[in-house]
Amino acid sequence: MVRMSADERRESVIRAAVHEFARGGYYGTSTEAIAKRVGVSQPYLFRLFSGKQAIFLAAAELCLRETRDLFAAAAEGLQGEEATQAMANAYTRLISEDPDKLQMQLQMYVTVAAAEAAGDHELGELVRKGWMELWDTVHVPFGGDIGETTTFMAYGMLINTLAAMGFPPEHRVWEGLYPTARAKRRPEK
C-alpha cells in the first residue's frame, strides 16, 4: 500500500469536504464527518488545517478555481457566441454530472451571508475574490464587453437556482435560456 504525502492527504480532505459541505452546509457538517469520509482521525485533520473554517475556505477555493479553470478551458481560442456556448455547455455538464459542485457554490453563498451578518469577513473576502477571478475569466472571451459578461453570469446564476430547485430539463421554465445549456437530468447513483 502506497502512503500518501501530507499534500496528497490535504487534497483528499479538501475534496471530501466539498462533498460533505455541499450536502450539509457549513453549520450542518461536522469535521468528524469529513475525517470519516477521508479515513483519518479528527486530530490528524487538525494537523492539516487549523479548524473547520480553514477546511471550508479550502473547499470554497477549490470549487471556485475548478469552475474558473473549466470556463478558461472551454473558451480557449473562442470569442463571443462561440465562447458563450462552449462555457455554458461545459458548466451545464459539470453541474449535472457532479451535483456537489453546484451545491457547494450555493452553500458558499449562504455561508458568506451568515458570516458577514455575524461580522466575520474572511470567508466573504475569499469568495468575492474567487468570484471576481471567475468574472474576469469569462470577461476575456467577450472582448471585455461588460454587458455580455453580466448576461452570461446572470444566466449562470439563474441556471444554478433552477437546477438547485430541481426543475426537470423539459420544464417550460428553461425556455429562453441558452438552448444547449439547459439543465440535464442528473445521473442516478
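Above this text you will find the structure in question.
These figures come from a predicted structure and were not determined experimentally.

### Overview of the overall build of the protein chain
Link 1 in the chain: Within the protein chain one finds eight helices and zero strands.
Link 2 in the chain: The linear arrangement of helices and strands in the protein chain, starting from the amino end, is α-α-α-α-α-α-α-α.
Link 3 in the chain: In terms of overall dimensions, the protein chain is globule-like: its C-alpha atoms have a radius of gyration of 18 Å, near the 16 Å expected for 189 residues.
Link 4 in the chain: Its C-alpha atoms give the protein chain principal-axis dimensions of roughly 50 × 40 × 35 Å.
Link 5 in the chain: Per-residue burial over the protein chain gives 44% buried out of 189 residues.
Link 6 in the chain: Sequence separation of 24 or more characterises 60% of the internal contacts of the protein chain that already satisfy a separation of 6 or more.
Link 7 in the chain: Total accessible area computed for the protein chain in this model is approximately 10,200 Å², and 54% of it derives from carbon and sulfur atoms.
Link 8 in the chain: Charge-centre separation for the protein chain: the mean point of 21 positive side chains lies 8 Å from the mean point of 25 negative side chains.

### Notes on the environment of A75
Link 1 in the chain: Its place among the elements puts A75 in helix α4 (residues 52-75).
Link 2 in the chain: Given a relative accessible area of 6%, A75 falls into the buried group.
Link 3 in the chain: Every residue in contact with A75, bar those within four places of it in the chain, is listed here: A83, M87 and P141.

### Quick word on empty space enclosed by the protein
Link 1 in the chain: Overall, the coordinates contain two cavities of 30 Å³ or more when judged by the stated rule.
Link 2 in the chain: Volume-wise, the largest cavity comes out at about 110 Å³.
Link 3 in the chain: Contributing to the lining of the largest cavity are T67, F71, Y91, Q105, Y109, W131, L134, F152, M153, G156, M157 and N160.
Link 4 in the chain: When residues of the lining of the largest cavity are traced back to their parent elements, those giving at least two are α4, α6 (99-117), α7 (122-139) and α8 (146-165).
Link 5 in the chain: Classifying every residue of the lining of the largest cavity by side-chain character gives eight nonpolar, four polar and no charged.

### Section: the packing of α4 against α7
Link 1 in the chain: Running from amino to carboxyl end, α4 crosses α7 at an angle of 5°, the nearest separation of the two axes being 9 Å. Taken together, the axis directions place α4 and α7 in an arrangement best described as roughly parallel. Every residue of α7 that contacts α4 at Q53, F56, L57, A60, E61, L64, T67, R68, F71 and A72 is listed here: E122, L123, L126, V127, G130, W131, E133, L134, T137 and V138.
Link 2 in the chain: Here the residues of the contact of α4 with α7 are counted per class, giving twelve nonpolar, four polar and four charged.

Cut-off values and rules
- Residues numbered from 1 in each chain as written.
- Predicted model: local features only at pLDDT ≥ 70, side-chain atom pairs only at ≥ 80, totals over all residues.
- Heavy atoms only, no water.
- Helix = DSSP H or I, 4+ residues; strand = E, 2+ residues; numbered from the N terminus.
- Rg over C-alpha atoms; globule rule 2.2 N^0.38 Å.
- Buried < 20%, exposed > 50% of the residue type's maximum accessible area, 1.4 Å probe, protein only.
- Contact = heavy atoms within 4.5 Å.
- Areas by Shrake-Rupley, 256 points an atom, 1.4 Å probe, with all protein chains shown as cover.
- Lys, Arg positive; Asp, Glu negative; His and termini not counted.
- Charge placed at Lys NZ, Arg CZ, Asp CG, Glu CD.
- 1 Å grid on protein atoms, 1.4 Å probe; cavity = no way out; pocket = protein on both sides within 12 Å on 5 of 7 lines; lining within 4 Å.
- Points joined across faces, edges and corners; volume = space filled by probe spheres on them.
- Nonpolar A, V, L, I, M, F, W, Y, C, P; charged D, E, K, R; others polar.
- Axes fitted to C-alpha atoms, helices over the stretch in contact; angles between N-to-C directions.
- Parallel < 35°, antiparallel > 145°, perpendicular 65-115°, else oblique.

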